[in-house]
Amino acid sequence: MSTDIEVAVEEWRTQGWTVVHDLVPTEEIDAAVEELWGHFPHPSDYHSGDPKAIAHFETASTDERYQPSRQGSAHGLNEEDAVGSEFRLRQFLGHVLFPYDSHLLNRLQIHPRVVDFAQRAMGSEDIRLYQARIWGKYTGVTDYEQPFHQDRNHTIVPDRIEPGWWNMLGFLYLSDVEDGVGPTEILSVGDSPPGAQPQSAAGRRGSYLVYRTDVWHRGVNLTREGGSRFLMNIAFKHAHQEWIGFDSFQQNANRGPWSKFAASCTPEELALFGAPKPGHPFWTSELVDALEDRYHGIDSAPWREALK
Ligand SMILES: O=C(O)CCC(=O)C(=O)O
């Protein structure tokens, strides 16, 4: 079931969310997922009870906010013994931040079909990636059921939700997300809990759930024995909207994984992270030399050409 892109664009604009089915080809997801097991235990190892696999998961998070050693209450999250629809600290275990020690996963983070969809839906080519991480869940880690909520933690001011201002939040599915393994429950714009009937955002791997900040949604529990769910958070905003943000990339931009990734990027791809494009007054011939020196193998021709 693949989605007509124009229909999906319209759905995001009018109902506030959509699942773009099969946006990224399955073979490309599967190739990248091979490299996921450096970051997360394979579900069969985790569910076999292997202490090493369990310890791997418990320490997999590279988002320090969610380290298990920190108290849930320090985050405004509930303790594990809270029952029912609650935000619990362990729901957020298994957040691995971009850039990853995996070139294929890094490339997937800015897959051309994902970027193209965001540009069409948001109505601009000049967009920025501002949330980039992988989230793994396994049946039994905790009760993943959350209350319905709108994401208010992507901006420091109230949301302006209209063309030119709106941002796009999204989950690119790295595993099949279906009943039993926690497809997000979501309401269309204008509907609010309680009372409205939520829809399930189920989809195969390669599908991209996109939603706006004005839609109510929630995580649900994983109930399938031996189940797991992996997705990549990919969120975009318009350029120059500094009030919106989530992840920052500069702090890792002198490490190997970023360097290899950056060297593989076109100017348009680096611009997703805020790098000045060829022709920008920032660039001088010396700086293009320094760019080549910093990112060995980068195709610097567009920057050099633009200096002529
Ligand atoms: O994991 C999910 O399905 C949704 C998570 C979510 O909405 C959140 O943590 O804010």
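Residues numbered from 1 in each chain as written. Predicted model: local features only at pLDDT ≥ 70, side-chain atom pairs only at ≥ 80, totals over all residues. Heavy atoms only, no water.

Chemist: What exactly am I supposed to notice about the site of the ligand here?
Modeler: Around the ligand sit Phe92, Trp135, Lys137, Gln146, His149, Asp151, Phe171, Thr184, His217, Gly219 and Arg229, and those are all the residues in its vicinity. At a separation of 2.8 Å, an oxygen atom of the ligand approaches a polar side-chain atom of Lys137. Between an oxygen atom of the ligand and a side-chain N or O atom of Gln146, the distance comes to 3.0 Å. Expressed as a share of its isolated accessible area of 290 Å², the protein-covered part of the ligand is 92%. (Near = heavy atom within 4 Å. Polar contact = N/O pair within 3.5 Å; in protein donor to acceptor, adjacent residues only side chain to side chain. Areas by Shrake-Rupley, 256 points an atom, 1.4 Å probe, with all protein chains shown as cover.)

Chemist: Sorry, what's going on with the nonpolar core here?
Modeler: Within soluble globular proteins, side chains that are nonpolar tend to cluster in buried spots. Membership of the largest hydrophobic core comes to 60 residues, with the highest contact counts inside it found for Phe117, Tyr208 and Phe236. Element by element, the count of residues in this core is highest for helix α6 (residues 112-122), at six residues. For Tyr208, the residues in contact, after removing those within four places along its chain, are Thr18, Val19, Val20, Leu23, Val114, Phe117, Met168, Gly170, Phe171, Leu172, Ile234 and Phe236. (Core = buried A, V, L, I, M, F, W, Y, C linked by side-chain atoms within 4.5 Å. Buried < 20%, exposed > 50% of the residue type's maximum accessible area, 1.4 Å probe, protein only. Helix = DSSP H or I, 4+ residues; strand = E, 2+ residues; numbered from the N terminus. Contact = heavy atoms within 4.5 Å.)

Chemist: Could you clarify how one ought to interpret the packing of helix α1 (residues 5-14) against α6 in this entry?
Modeler: Between two packed helices, both the angle of their axes relative to each other and the distance between the axes serve to describe the pair. At a minimum axis separation of 9 Å, α1 and α6 run at an interaxial angle of 55°. Taken together, α1 and α6 sit at an angle that is classed as oblique. Once α1 is placed against α6, the crossing between them reads as right-handed. In this structure, α1 contributes Ile5, Glu6, Ala8, Val9, Trp12 and Arg13 to the contact, and α6 contributes Phe117, Arg120, Ala121 and Met122. Of the residues assigned to the contact of α1 with α6, the class counts are seven nonpolar, no polar and three charged. (Axes fitted to C-alpha atoms, helices over the stretch in contact; angles between N-to-C directions. Parallel < 35°, antiparallel > 145°, perpendicular 65-115°, else oblique. Left-handed = near helix turned anticlockwise from the far one by under 90°. Nonpolar A, V, L, I, M, F, W, Y, C, P; charged D, E, K, R; others polar.)

Chemist: Got a minute to help me understand the packing of aromatic side chains in this structure?
Modeler: Two aromatic rings, taken as a pair, are described by how far apart their centres are and by the angle between their planes. Taken as a whole and assessed by the stated rule, the structure comprises 21 aromatic pairs. Aromatic pair Phe98 and Phe273: ring centres 5.6 Å apart, planes at 15°, arrangement stacked. Placement of the pair is Phe98 in the loop between β2 (95-97) and α5 (103-109) and Phe273 in the loop between α8 (267-271) and α9 (285-294), with a sequence separation of 175 residues. On the basis of relative accessibility, which here comes to 2%, the residue Phe98 falls in the buried class. Of the aromatic side chains, those joined through ring pairs into one cluster are Trp37, Phe40, Tyr46, Phe57, Tyr138 and Phe230. Positioned above the aromatic ring of Trp135 is the side chain of Lys137, whose terminal nitrogen or guanidinium carbon lies 4.6 Å from the ring centre. (Phe/Tyr/Trp six-rings, centres within 6.5 Å; stacked < 30°, edge-to-face > 60°. Lys NZ or Arg CZ within 6 Å of the ring centre and 35° of its normal.)

Chemist: Which parts of the structure should I look at to understand a nonpolar patch on the surface?
Modeler: Nonpolar side chains collect at one region of the surface, where Ile156, Val157, Trp165 and Trp243 lie side by side and expose about 390 Å² of accessible area between them. On the secondary structure map, Val157 appears in the loop between β3 (127-138) and β4 (169-173). (Patch = residues over 30% accessible without salt bridge, like charges linked within 9 Å, V, L, I, M, F, W, Y side chains within 5 Å. Salt bridge = Lys/Arg side-chain N within 4 Å of Asp/Glu carboxyl O.)

Chemist: How should I be thinking about the pattern of salt bridges in this particular structure?
Modeler: Note on pairing: side chains with opposite charge can pair once their charged atoms come close. Inspection of every chain in the model, using the stated rule, returns 20 salt bridges. We note a salt bridge from Asp143 to Arg88, for which the minimum N-O separation is 3.7 Å. One end of the pair, Asp143, is in the loop between β3 and β4; the other, Arg88, is in the loop between α4 (51-58) and β2, and 55 residues separate them in sequence.

Chemist: Please clarify how α6 should be interpreted in this entry.
Modeler: For an α-helix the count is 3.6 residues per turn, leaving residues at separations of three or four pointing the same way. Restricting attention to buried positions, one finds in α6 the residues Val114, Val115, Phe117, Ala118, Gln119, Ala121 and Met122. In this structure, the buried side of α6 is in contact with α1, β1 (17-20), β3, β4, β7 (208-211) and β9 (228-238).

Chemist: So what exactly am I meant to see when it comes to the sheet that holds β7 here?
Modeler: Pairing in this open sheet of six strands is antiparallel, and the strands run β1-β7-β4-β9-β3-β2 from one edge to the other. Two strands close off the open sheet at either side, each with one partner strand: β1 and β2. The mean inter-strand angle of the sheet, taken between neighbouring strand axes irrespective of direction, is 20°. By the bridge criterion, three bridges tie β2 to β3 in an arrangement that is antiparallel. Counterpart to His95 in the pairing with β3 is Trp135. Against the sheet, α1 touches β1 and β7, its axis set at about 155° to β1. In this fold α6 packs onto β1, β3, β4, β7 and β9, with an angle of close to 45° to the strand it touches most, β9. (Pairing = 2+ DSSP bridges.)

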